[in-house]
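Each chain, written out:
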Amino acid sequence: MNEELTYESAYTELQVIASEIENEEVSVDLLSEKVKRAAVLIAFCQQKLRATEAEVNNIIKQMESNK
């Protein structure tokens with residue numbers, strides 16, 4: 001994947017992978033590859049959410065200290 005990964009694109013790709021697996025559209029030969037990709041996407045999304053939460057918390061703290 002050459003384009004920069006965003007939360008939205010990672011989440012969308014995860015939804016597609018989950019749907020393919022749930023609907024048994026993934027061959028056994030590709031299943032391991034899809035699960036590995038899903039694990040990478042999940043880790044990316046978790047990291048992005050943690051970073052966003054920390055940034056929002058910092059902004060809130062700054063706003064409260066400026067009162």
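Residues numbered from 1 in each chain as written. Predicted model: local features only at pLDDT ≥ 70, side-chain atom pairs only at ≥ 80, totals over all residues. Heavy atoms only, no water.

Going by an unreviewed UniProt entry, the protein chain carries the name Exodeoxyribonuclease VII small subunit and comes from Chitinophaga terrae. The Sequence similarities (unreviewed entry) field of the UniProt record for the protein chain holds the comment "Belongs to the XseB family." (UniProt positions renumbered as here; feature names shortened; annotations may be inferred.)

A short note on unusual backbone geometry
You will see that Glu24, though not glycine, has its phi angle at about 55 degrees, which is positive. By the secondary structure assignment, Glu24 is in the loop between α1 (7–22) and α2 (28–65). (Helix = DSSP H or I, 4+ residues; strand = E, 2+ residues; numbered from the N terminus.)

Section: the pattern of salt bridges
Enumeration according to the criterion identifies 2 salt bridges in this entry. Salt-bridge contacts for Arg37 lead to Glu13; the nearest nitrogen and oxygen are separated by 2.9 Å. Of this pair, Arg37 sits in helix α2 while Glu13 sits in helix α1, and the two are 24 residues apart along the sequence. A relative accessible area of 25% places Arg37 in the partly exposed class. With a shortest N-O distance of 3.0 Å, Lys34 and Glu20 are connected by a salt bridge. Note that Lys34 is positioned in helix α2 and Glu20 in helix α1, a separation of 14 residues in sequence. A relative accessible area of 19% places Glu20 in the buried class. (Salt bridge = Lys/Arg side-chain N within 4 Å of Asp/Glu carboxyl O. Buried < 20%, exposed > 50% of the residue type's maximum accessible area, 1.4 Å probe, protein only.)

With respect to a nonpolar patch on the surface
A surface patch of nonpolar side chains, about 220 Å² in accessible area, is lined by Ile21, Leu31 and Val35. When you line up the elements, Val35 lands in helix α2. Overall, the relative accessible area of 45% leaves Val35 in the partly exposed class. (Patch = residues over 30% accessible without salt bridge, like charges linked within 9 Å, V, L, I, M, F, W, Y side chains within 5 Å. Areas by Shrake-Rupley, 256 points an atom, 1.4 Å probe, with all protein chains shown as cover.)

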